[in-house]
Amino acid sequence: MTSETSDEKSERAGPARGGDDRESVLKEMMETGREQSAATIMFHTAVAASQGLSPTESKTLDLLAKHGPLTAKDLVEYTGLAPASVTGLVDRLAAKGFVQRVKHATDKRRVVVELQREKITELAAFFDDWARDVVAACEEFSTEELRTVTRFLAVTAALQRDAAARLPQPE
């Protein structure tokens, strides 16, 4: 086992909170984040298109896969879309066979949107391949580094949701 010098620890941990290096690293991080964002959007757009879906439709299916059956009101909250937009979105997904509207399990007056799991099998295959690649790429990072990346992603996702919520909504 080799002993790590303080310089090596500092390099691995990143620059201190001040100085010119921090500014250049922040700039590089922002540029890399833009590249990541573009790649993510293009990937999701390509996967969605392969199934005759829009990216919004595909991400709505992802929400349903993650959270289970949701009401239209829930979908409005999760997506930030206007209620009329969610109604149209659910209509399109139902017409394509990806979801169905069913009565709520305990309140028969309410309707939930339920995923048709057998219909999304092909979508899942694209993401399974990608997930394997990501897991393989993570091998070069320590568990602590992965925790830091996860924390950063969670913080920036919350900031992005907040920024989206501040945008004016269409009538």
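Everything numeric here is computed off the predicted structure, so don't read it as measured data. (Residues numbered from 1 in each chain as written. Predicted model: local features only at pLDDT ≥ 70, side-chain atom pairs only at ≥ 80, totals over all residues. Heavy atoms only, no water.)

Details of the overall build of the protein
Along its length, the protein carries seven helices and two strands. In the protein, the order of α-helices and β-strands from amino to carboxyl end is α-α-α-α-α-β-β-α-α. Every one of the 171 residues in the protein was classed for burial, and the buried ones make up 18%. For the protein, contacts bridging at least 24 residues in sequence account for 46% of all contacts bridging at least 6. For the protein, the exposed area adds up to about 12,800 Å²; of that, 57% sits on carbon and sulfur atoms. (Helix = DSSP H or I, 4+ residues; strand = E, 2+ residues; numbered from the N terminus. Buried < 20%, exposed > 50% of the residue type's maximum accessible area, 1.4 Å probe, protein only. Contact = heavy atoms within 4.5 Å. Areas by Shrake-Rupley, 256 points an atom, 1.4 Å probe, with all protein chains shown as cover.)

Observations concerning the nonpolar core
Judged by nonpolar contacts, the single largest core of 17 residues is most densely connected at L53, L61, L93, F98, V99 and L123. Elements that contribute at least two residues to this core include exactly α2 (20–50), α3 (55–67), α5 (83–95) and β2 (111–115). Looking at which element gives the most residues to this core, the answer is α5, with four residues. (Core = buried A, V, L, I, M, F, W, Y, C linked by side-chain atoms within 4.5 Å.)

Comments concerning the packing of α2 against helix α6 (residues 121–137)
Angle between the axes and distance between the axes: these two values describe a pair of packed helices. Between α2 and α6, whose axes approach to 9 Å, the crossing angle comes to 150°. Relative to α6, α2 is oriented roughly antiparallel. In this structure, α2 crosses over α6, and the sense of that crossing is right-handed. Every residue of α6 that contacts α2 at F43, H44, V47 and S50 is listed here: L123, F126, F127 and W130. (Axes fitted to C-alpha atoms, helices over the stretch in contact; angles between N-to-C directions. Parallel < 35°, antiparallel > 145°, perpendicular 65-115°, else oblique. Left-handed = near helix turned anticlockwise from the far one by under 90°.)

Details of the pattern of salt bridges
All told, the structure shown has seven salt bridges when counted by the stated rule. With its nearest N and O atoms 3.4 Å apart, the salt bridge here joins K59 to D62. Residue K59 and its partner D62 are located together in helix α3, separated by three residues, close to a single helical turn. By relative accessible area, K59 is classed as partly exposed at 36%. (Salt bridge = Lys/Arg side-chain N within 4 Å of Asp/Glu carboxyl O.)

A look at the side chain of H44
Tracing the backbone shows H44 in helix α2. Of the residues examined, H44 reaches a relative accessible area of 15% and is grouped as buried. Residues in contact with H44, not counting those within four places in the same chain, are K59 and F127.

Some thoughts on the side chain of E57
Along the chain, the position of E57 falls in helix α3. Contact partners of E57, with chain neighbours within four places excluded, come to G52, L89, R92, L93 and K96.

Focus on the packing of α3 against helix α4 (residues 72–79)
Their axes nearest at 11 Å, the elements α3 and α4 cross at an angle of 110°. By the angle class used here, α3 and α4 are roughly perpendicular. Two packed elements cross with a definite hand, and for α3 against α4 that hand is right-handed. Only L75, Y78 and T79 of α4 make contact with α3, whose side of the interface consists of T60, L63 and H67. In terms of residue class, the contact of α3 with α4 is made up of three nonpolar, three polar and no charged. (Nonpolar A, V, L, I, M, F, W, Y, C, P; charged D, E, K, R; others polar.)

Comments concerning the confidence of the model for the protein
Summarising the model, the protein shows a mean pLDDT of 87, and 87% of its residues fall at 70 or more. Helix α1 (residues 6–13) is the least confidently modelled element of the protein, averaging 48 in pLDDT, while α5 averages 95, the highest of any element. Within the model, the stretch residues 1–7 combines pLDDT values under 50 with three contacts to residues more than four positions away or in other chains. (pLDDT = per-residue confidence, 0-100.)

A look at the environment of G80
Inspection of the secondary structure puts G80 in the loop between α4 and α5. The partly exposed category is assigned to G80, whose relative accessible area is 39%. Measuring from C-alpha to C-alpha, the distance between G80 and A164 comes to 7.4 Å, with 84 residues separating the pair along the chain.

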